[in-house]
Amino acid sequence: MADGRPAPDQEALSKIDTTVPHSARIWNYWMGGKDNYEVDRIAGDAYRETAPNIETMARASRQYLIRSVTFVAGELGIRQFLDIGTGLPTYDNTHQVAQRMAPESRIVYADNDPLVLRHAQALLTSTPDGVTEYVDADLHEPEKILEAAGRILDFDQPVALMLMGILGHIQDYEEAKSIVHRLQAALCPGSYFVHYDSTDTDEELKRAQQGYDDTGAIPYVLRSPEQLAAYYEGLELLEPGIVSCPLWHPEPGTTPEPTDVYGGVARKP
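Residues numbered from 1 in each chain as written. Predicted model: local features only at pLDDT ≥ 70, side-chain atom pairs only at ≥ 80, totals over all residues. Heavy atoms only, no water.

Caption draft 1: View of the overall build of the protein. Of regular secondary structure, the protein possesses 11 helices and 8 strands. Rg of the C-alpha trace for the protein: 18 Å, near the compact-globule value of 18 Å for 269 residues, within the 12% margin. For the protein, the C-alpha atoms occupy an extent of roughly 55 × 45 × 40 Å along the three principal directions. Looking at the 269 residues of the protein, the share that counts as buried comes to 52%. If you take every contact in the protein between residues at least 6 apart in sequence, the share linking residues at least 24 apart comes to 73%. In the protein, 22 side chains carry a positive charge and 42 a negative one; their mean positions are 3 Å apart. (Helix = DSSP H or I, 4+ residues; strand = E, 2+ residues; numbered from the N terminus. Rg over C-alpha atoms; globule rule 2.2 N^0.38 Å. Buried < 20%, exposed > 50% of the residue type's maximum accessible area, 1.4 Å probe, protein only. Contact = heavy atoms within 4.5 Å. Lys, Arg positive; Asp, Glu negative; His and termini not counted. Charge placed at Lys NZ, Arg CZ, Asp CG, Glu CD.)

Written as structure tokens, this is what we have:
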């Protein structure tokens, strides 16, 4: 920059810690992406060795995002999306799916990872009729996310709030529930909550997650489907409820196998 300050991508790069693995980069590795480091690949391989199903889970969660956003934008007619904890861009990101259904859709991504910030320019693409924006913000401070998103989204109109695989990073369960309900409180009636998280329903996955947490990386808490259900309190769950993600509105003619990532879509009355 002309005034001598670092450009945003340079500043983001300076904050990237490559000495410990990072969940967004490991997820990117499992999904076949290139935005990861050796420390992430080592941790990802170790996790996969203990829980071989993890790549299936990663891909199932992405397919669930595609189906749920397609449904919310197409069947339900929602045109505003707040996707918090979006992670690194891969394929069929929220804005691409939503704007494929409705080019005028407005999408705000929120994340506080420096590598995601570096790649924000890749996210900041939109159809001419719509908007795609990125907010550098921390899920622990939901009011700040809402304030920034409110410059792009009209919270007097329905919004789809998306928390996809992120709430496990809030270690305290009561805090996680508080954050979800504070975000939901800002939504007008007719808005939707779209969510998934990995569950504690498999012993191999629990061992693999503990091994990952022991590396010094930011931990991820596996919770029961019953605990996840508390995030939906006060909302109207759409069929089939909170289920293993492959079982949520599967593609016609397919016979999906359940896996240890659960989610659902609910309407704010």
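Caption draft 2: Seen up close, the pattern of salt bridges. What the rule picks out here adds up to 10 salt bridges. For Glu55, the salt bridge goes to Arg48, with nearest N and O atoms at 2.2 Å. The class for Glu55 is partly exposed, based on a relative accessible area of 23%. By relative accessible area, which is 25% here, Arg48 ends up partly exposed. (Salt bridge = Lys/Arg side-chain N within 4 Å of Asp/Glu carboxyl O.)

Caption draft 3: Quick peek at the packing of aromatic side chains. All chains considered together, the criterion is met by 7 aromatic pairs. Centroid distance Tyr47 to Tyr212: 6.5 Å. Interplanar angle 65°. Geometry classified as edge-to-face. Taken together, the residues span a long stretch of sequence, with Tyr47 in helix α3 (residues 38-50) and Tyr212 in helix α10 (residues 203-213) at a distance of 165 residues. Judged by its relative accessible area of 7%, Tyr212 is buried. Ring centres 6.1 Å apart and planes at 80° place the aromatic pair Tyr64 and Tyr196 in the edge-to-face group. (Phe/Tyr/Trp six-rings, centres within 6.5 Å; stacked < 30°, edge-to-face > 60°.)

Caption draft 4: Just helix α4 (residues 54-74), in detail. Helix length check: α4, at 21 residues, gives a terminal C-alpha distance of 30 Å against a target of 30 Å (1.5 Å per residue), a fit within 8%. Counting buried residues along α4, 15 of its 21 residues qualify, which places the element largely inside the surrounding structure. (Expected span 1.5 Å × (residues − 1).)

Caption draft 5: Up close: α3. Between its first and last C-alpha atoms α3 spans 19 Å; for 13 residues at 1.5 Å apiece the expected length is 18 Å, and the two agree. Three or more residues of α3 are buried, namely Val39, Asp40, Ala43, Gly44 and Tyr47. All buried residues of α3 lie within an arc of 130° about the axis, which places them on one face of the element. Exposed and facing more than 90 degrees away from the buried side of α3 are Glu38, Ile42 and Glu49. On the buried face of α3, the contacting elements are α2 (23-30), α4 and α10. (Arc of directions from axis to C-beta.)

Caption draft 6: Representation of the nonpolar core in the model. Judged by nonpolar contacts, the single largest core of 47 residues is most densely connected at Tyr47, Tyr64, Phe81 and Val265. When residues in this core are grouped by element, the largest group, 10 residues, is from α4. If near-sequence neighbours (up to four positions away) are discounted, Tyr47 is found in contact with Trp30, Ile54, Leu205, Ala208, Gln209 and Tyr212. In terms of nonpolar packing, the next biggest core, distinct from the first, is built from 34 residues, Ile152, Leu153, Ile166 and Tyr232 among them. (Core = buried A, V, L, I, M, F, W, Y, C linked by side-chain atoms within 4.5 Å.)

Caption draft 7: Just the pairing of strand β4 (residues 160-164), in detail. The element β4 is largely enclosed, with a buried count of 5 among its 5 residues. The two faces of β4 match: Ala160, Met162 and Met164 on one face and Leu161 and Leu163 on the other face are all buried. Taken together, the 4 bridges between strand β1 (residues 80-84) and β4 define a ladder with parallel strand orientation. Opposite Leu82, over in β4, you have Leu161 as the bridge partner. As judged from the 5 bridges shared by β4 and strand β5 (residues 192-198), these two strands associate in the parallel manner. (Pairing = 2+ DSSP bridges.)

Coordinates in, geometry out; function isn't part of it.
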